[in-house]
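Now for the letters of each chain:
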Amino acid sequence: MTTQPEPPANPIGVHALVFVAGWSPEEAEYAVRSTADAGFDLLEIPLLDPTSVDGPATADLLRRHGLRAACSLGLSFDTDISSEDPAVVAAGERLLHDALEVTRTVGSRYLSGVIFSAMGKYTRPASAKGRANSAAVLRELARTAARDNIIVGLEAVNRYETNLVNTVADALAHIDAIGEDNVVVHLDTYHANIEEGDLARPVRLAGDRLGYVHVGESHRGYLGSGTVDFPTFFRALVTAGYAGPITFESFSSAVVSEEFAAALGVWRNLWDDGADLARHARAYVADQLLAAQRLSSS
Ligand code: MN
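Residues numbered from 1 in each chain as written. Predicted model: local features only at pLDDT ≥ 70, side-chain atom pairs only at ≥ 80, totals over all residues. Heavy atoms only, no water.

## Some thoughts on the overall build of the protein
Then step 1. On a plain count of helices and strands, the protein comes out with ten helices and eight strands.
Then step 2. Taking 298 residues into account, the globule formula puts the C-alpha radius of gyration at 19 Å, and the protein, at 18 Å, falls close to it.
Then step 3. The principal-axis extent of the C-alpha atoms belonging to the protein is close to 65 × 40 × 40 Å.
Then step 4. Counting across all 298 residues of the protein, residues that qualify as buried make up 56%. (Helix = DSSP H or I, 4+ residues; strand = E, 2+ residues; numbered from the N terminus. Rg over C-alpha atoms; globule rule 2.2 N^0.38 Å. Buried < 20%, exposed > 50% of the residue type's maximum accessible area, 1.4 Å probe, protein only.)

Structure, rendered in structure tokens:
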């Protein structure tokens, strides 16, 4: 009998909005406990309002439950660092540095998301000046983050949620413009399913600059109940030797705030029971990784 190789050891994560809409002490406790109960290694904490997150208390909660964390946010049009208005860019820069400070105190190694522009529908393409503003702010953010070994991720999202980074190729171009080693590609299957030709090529293209992954279904509901080609995606991750986090993301109007729902177009319930959804997602990701690895080693 031959011995099977160990399954891939990627940290498997879940986005806190599967469980809670905000980060009050009660919500934090519930999200951390639910994440640990469902068997995850990592919890992604949204920093839409960094001042609402008690970093040290959150770090303590995570430690008690043996969890790692990632932090994420999307900018708004009032804090859009790809704006040509210096006051708006400055507001975005302040928000990002506040978010970085919370990331540090929470003890997370990742700050990611739609942090290069507003997260919303633009009515015109990004301008050269706007791109340069965004790159300049992120260069400084990355340099500050590097002091605490924090990785900054640019999440490629679909055309209705930004005009600046829709694909992995866009993310790599912006990373080149930023020019800092600790800026990585954050690939999300929900968005890639809309913007990329398939789900293997973006993984190959990102190569060792892939630093964070979101798995989401085509309708952002239960994994495997939509049209995302997960077998191809997981095979590509395993072939590429990707060892970073894989975080499940799903939004339902049953949990998220009205404001957040409006920003992302979450108009209907894909599910009511976050705990059931999370348990299923944890098993789905682990099974896909295992199957991809067994194929690659056969
Ligand atoms: Mn995402």
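Further notes follow.
## Comments concerning the pairing of strand E7 (residues 210-215)
Then step 1. Taken across its six residues, E7 has six buried, putting it largely inside the fold.
Then step 2. As paired strands, strand E6 (residues 183-188) and E7 are joined by four bridges and run parallel to one another. Along E7, the bridge assignment pairs Leu-187 with Val-213.
Then step 3. Looking at chain direction, E7 and strand E8 (residues 246-248) are connected through three bridges and run parallel. Across the sheet, residue Val-215 finds its bridge partner in E8, namely Phe-248.
Then step 4. Chirality of the crossover, the property in question, places the unit of E7, helix H8 (residues 230-240) and E8 among those that are right-handed. (Pairing = 2+ DSSP bridges. Right-handed = clockwise from strand over helix to strand, strands pointing away.)

## Some remarks on the coordination of the manganese ion
Then step 1. The protein atoms that coordinate the manganese ion are Glu-155 (OE), Asp-188 (OD), His-214 (ND1) and Glu-249 (OE), at distances spanning 2.0 to 2.2 Å.
Then step 2. For the manganese ion, the single-chain donor residues occur in sequence as E-x32-D-x25-H-x34-E. Here Glu-155, found in strand E5 (residues 151-155), pairs with Asp-188, found in strand E6; they are 33 residues apart in sequence, far enough to count as distant. As far as burial versus exposure is concerned, Glu-155 and Asp-188 are alike and both buried. (Donors = N, O, S within 2.8 Å, 3.2 Å for Na, K, Ca; no water.)

## Quick look at the sheet that holds E5
Picture the strands of a sheet paired through backbone hydrogen bonds; they go either parallel or antiparallel.
Then step 1. Spatial ordering of the closed barrel is given by E1-E2-E3-E4-E5-E6-E7-E8, a layout of eight strands whose pairing is parallel. Between one strand axis and the next, the sheet turns through 30° on average, direction left out of account.
Then step 2. Alignment of strand E1 (residues 12-15) against strand E2 (residues 42-46), held across three bridges, turns out to be parallel. Bridge pairing in E2 links His-15 to Glu-44.
Then step 3. Of the strands in this sheet, E6, E7 and E8 are in contact with H8, which crosses E7 at around 160°. (Axes fitted to C-alpha atoms, helices over the stretch in contact; angles between N-to-C directions. Contact = heavy atoms within 4.5 Å.)

## A look at the nonpolar core
Most often, soluble globular proteins keep nonpolar side chains buried together rather than apart.
Then step 1. Core analysis: the largest hydrophobic core is formed by 93 residues, its most contacted members being Trp-23, Val-215 and Phe-234.
Then step 2. When residues no more than four places from it in sequence are discounted, the contact partners of Trp-23 are Ala-16, Ala-28, Ala-31, Val-32, Leu-43, Ile-45, Ser-52, Val-53 and Thr-58.
Then step 3. Counting six residues, the second-largest nonpolar core is a separate cluster that includes Leu-42, Ala-70, Ile-151 and Tyr-212. (Core = buried A, V, L, I, M, F, W, Y, C linked by side-chain atoms within 4.5 Å.)

## Re the environment of Val-183
Then step 1. By the element assignment, Val-183 lies in strand E6.
Then step 2. Once the C-alpha coordinates of Val-183 and Gly-74 are considered, the two residues, 109 residues apart in sequence, prove to be 16 Å apart.
Then step 3. Excluding anything up to four places from it in sequence, Val-183 contacts Ala-142, Val-152, Leu-154, Ile-175 and Ile-178.

## A word on the packing of aromatic side chains
Then step 1. Per the counting criterion, the structure on display carries six aromatic pairs.
Then step 2. Ring plane angle 80° and centroid distance 5.8 Å describe the contact between Phe-233 and Phe-234, whose orientation is recorded as edge-to-face.
Then step 3. Phe-233 sits in the buried class, given a relative accessible area of 2%.
Then step 4. Phe-234 sits in the buried class, given a relative accessible area of 0%.
Then step 5. When the ring centre of Tyr-110 is taken as reference, the NZ or CZ atom of Arg-109 above it lies at 5.7 Å.
Then step 6. A cation over a ring is seen here: Arg-220 above Tyr-190, with NZ or CZ 3.9 Å from the ring centre. (Phe/Tyr/Trp six-rings, centres within 6.5 Å; stacked < 30°, edge-to-face > 60°. Lys NZ or Arg CZ within 6 Å of the ring centre and 35° of its normal.)

## Here we look at the side chain of Ser-72
Then step 1. For Ser-72, the position within the fold is in strand E3 (residues 68-75).
Then step 2. On the basis of relative accessibility, which here comes to 7%, the residue Ser-72 falls in the buried class.
Then step 3. Each residue touching Ser-72, except ones within four places of it in the same chain, is listed here: His-15, Glu-44, Ile-45, Pro-46, Leu-47 and Ser-112.

## Things to note about the packing of helix H4 (residues 128-146) against helix H5 (residues 168-178)
Then step 1. Between H4 and H5, whose axes approach to 8 Å, the crossing angle comes to 65°. Note that H4 runs across H5; the crossing there is right-handed. On the side of H4, the interface is formed by Arg-131, Ser-134, Ala-135, Leu-138 and Arg-139, while H5 contributes His-174, Ala-177 and Ile-178.
Then step 2. Split by residue class, the contact of H4 with H5 holds four nonpolar, two polar and two charged. (Left-handed = near helix turned anticlockwise from the far one by under 90°. Nonpolar A, V, L, I, M, F, W, Y, C, P; charged D, E, K, R; others polar.)

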